[in-house]
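# Observations on chain architecture
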Amino acid sequence: MASLSFLHLSSATRFTPRATPLNHRARTQKSFSIRSQSAPVLSQDELKKLAADKAVESVKSGMVLGLGTGSTAAFVVDKLGQLLSTGQLSNIVGIPTSKRTQEQAASLNIPLSTLDLHPHIDLAIDGADEVDPNLDLVKGRGGALLREKMVEAASSSFIVVADDSKLVSGLGGSGLAMPVEVVQFCWKYNLVRLEGLFKELGCEAKLRLAGDGSEKPYVTDNMNYIVDLYFKNPIKDGFAAGKEISAMEGVVEHGLFLGMATSVIIAGKTGVEVMTK
Ligand SMILES: O=C(CO)[C@H](O)[C@H](O)COP(=O)(O)O
């Protein structure tokens, strides 16, 4: 079970504690709260930025960094660009987890490399779609799961940054997509097999579409398709599920990131929480 510590925020960013404790907090032994006279309501983006800024405090000059993908990870990349431009950080090498992140980092003059050239990464920072009490994750709703998993598996530390809407008591429990990247060849065959694998969890499998109003499939940076799995009930044994998915011919990667996160920084109305194993 993860342990939890709360960070005191500056007076400008203090919150009123939420009335209902999160499942995660109920499962931890320690519980703290941050009280304030003034209680600004922060937007989801502001919460993401708070988590991102906190994570970047762990970055030291000279590090090789895994750069995540998604709206929260984009705040991390922005902050790194800013610290490099002012000289507060130097000698950073970034390994991007998607073409999108590569473009953003390049536009901020962050020096970039690849896993081929830098197979050992000091620290990766990335967002997540779901975070459970063991710090296991669902990732990949942004479509970058394959590169994210490769980069994060090669990292000595992996910090997850998220707002508190990502907390779940069981993976797959948000009712939102759990992505599986599959080869284009006979994708429907694998979609049917994946749905069948999780029949007893009420799983519905859907091919992800490009989202441009057409019926065109979404194509990943690796030229694959994504089958999104929607569960009525959470996955009971993530490791067993991941193993069974990976065993299917034509499956490239799945969005279960198990035992990979070293800490999770969650920003919510009660403040910024750092959960570590
Ligand atoms: O896994 C991811 C992309 O493949 C993202 O990290 C995840 O989807 C969270 O994104 P966001 O920070 O925009 O909510």
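Let me sum up the structure you'll find in this document. (Residues numbered from 1 in each chain as written. Predicted model: local features only at pLDDT ≥ 70, side-chain atom pairs only at ≥ 80, totals over all residues. Heavy atoms only, no water.)

Within the largest apolar cluster, 28 residues are counted, with the highest numbers of intra-cluster contacts made by Val59, Leu65, Leu80, Ile125 and Ile265. Those elements that place two or more of their residues in this core are helix H2 (44-56), strand E2 (64-67), helix H3 (71-85), strand E4 (121-126), strand E7 (155-163), strand E13 (263-268) and strand E14 (271-276). Of all the elements, H2 adds the most residues to this core, at six residues. Setting aside residues up to four positions removed in sequence, Ile125 forms contacts with Ala55, Val56, Val59, Gly66, Leu67, Gly68, Val76, Ile159 and Val161. Counting residues in hydrophobic clusters, the runner-up holds 24 residues, among them Val168, Leu207, Tyr225 and Leu229. (Core = buried A, V, L, I, M, F, W, Y, C linked by side-chain atoms within 4.5 Å. Buried < 20%, exposed > 50% of the residue type's maximum accessible area, 1.4 Å probe, protein only. Helix = DSSP H or I, 4+ residues; strand = E, 2+ residues; numbered from the N terminus. Contact = heavy atoms within 4.5 Å.)

With that out of the way, let us pick up the site of the ligand. Neighbouring the ligand are 16 residues, the closest being Ser71, Thr72, Asp129, Gly140 and Lys166. Within the side chain of Lys139, a nitrogen or oxygen atom sits 2.9 Å from an oxygen atom of the ligand. Between the ligand and the protein, one listed contact pairs an oxygen atom with a side-chain N or O atom of Lys166 at 2.6 Å. In the complex, the protein chains occlude 91% of the 380 Å² of accessible area that the ligand would expose alone. Of the residues assigned to the shell around the ligand, the class counts are two nonpolar, eight polar and six charged. (Near = heavy atom within 4 Å. Polar contact = N/O pair within 3.5 Å; in protein donor to acceptor, adjacent residues only side chain to side chain. Areas by Shrake-Rupley, 256 points an atom, 1.4 Å probe, with all protein chains shown as cover. Nonpolar A, V, L, I, M, F, W, Y, C, P; charged D, E, K, R; others polar.)

Before going further, it helps to spend a moment on helix H7 (residues 238-246). Along H7, the residues that are buried comprise Gly238, Ala241, Gly242 and Ile245. Within H7, the buried residues cover an arc of 100 degrees as seen down the axis, which keeps them to one side. Exposed residues on H7 whose side chains face more than 90 degrees from its buried face are Phe239 and Lys243. Summarising the contacts, the buried residues of H7 are in contact with strand E8 (178-182), helix H6 (187-197), strand E11 (251-254) and strand E12 (256-257). (Arc of directions from axis to C-beta.)

Summed over the entire model, instances satisfying the criterion amount to two aromatic pairs. Here the aromatic rings of Trp187 and Tyr225 are separated by 6.4 Å at their centres, their planes lie at 70 degrees, and the arrangement is edge-to-face. Of the two residues, Trp187 sits in helix H6 while Tyr225 sits in strand E10 (residues 225-230), which places them 38 residues apart along the sequence. Its relative accessible area of 12% is what places Tyr225 among the buried residues. Ring geometry for Phe198 and Phe231: centres 5.3 Å apart, planes at 85 degrees, overall edge-to-face. Of the two residues, Phe198 sits in the loop between H6 and strand E9 (204-207) while Phe231 sits in the loop between E10 and H7, which places them 33 residues apart along the sequence. Across the pair, exposure class does not vary: Phe198 and Phe231 are buried alike. (Phe/Tyr/Trp six-rings, centres within 6.5 Å; stacked < 30°, edge-to-face > 60°.)

Strand order in this open sheet of four strands is E9-E10-E8-E11, and the pairing throughout is antiparallel. The sheet terminates laterally at E9 and E11, the two strands that pair on one side only. Neighbour to neighbour, the strand axes of the sheet diverge by 25 degrees on average, direction disregarded. Here E8 pairs with E10 via five bridges, running antiparallel. Bridging across to E10, Met178 finds its partner in Leu229. (Pairing = 2+ DSSP bridges. Axes fitted to C-alpha atoms, helices over the stretch in contact; angles between N-to-C directions.)

Here we take up the packing of H2 against H3. Running from amino to carboxyl end, H2 crosses H3 at an angle of 50 degrees, the nearest separation of the two axes being 8 Å. The pairing of H2 with H3 is recorded here as oblique in orientation. Regarding H2 and H3, the two cross each other, and that crossing is right-handed. Only Ser71, Thr72, Phe75, Val76, Lys79, Leu80 and Leu83 of H3 make contact with H2, whose side of the interface consists of Asp45, Lys48, Lys49, Ala52, Asp53 and Val56. The residue makeup of the contact of H2 with H3, split by class, is six nonpolar, two polar and five charged. (Parallel < 35°, antiparallel > 145°, perpendicular 65-115°, else oblique. Left-handed = near helix turned anticlockwise from the far one by under 90°.)

Further remarks concern the pattern of salt bridges. According to the stated counting rule, one finds eight salt bridges in the structure shown. Each of the salt bridges in this network shares a partner with another, and the network as a whole consists of Asp126, Lys139 and Glu148. (Salt bridge = Lys/Arg side-chain N within 4 Å of Asp/Glu carboxyl O.)

For Asp228, the position within the fold is in strand E10. At 2.9 Å, the side chain of Asp228 forms a polar contact with the side chain of Arg208. Other than its neighbours up to four places away in sequence, Asp228 contacts Ala177, Met178, Pro179, Glu204, Ala205, Lys206 and Arg208.

On their own, these measurements won't tell you what the molecule is for.
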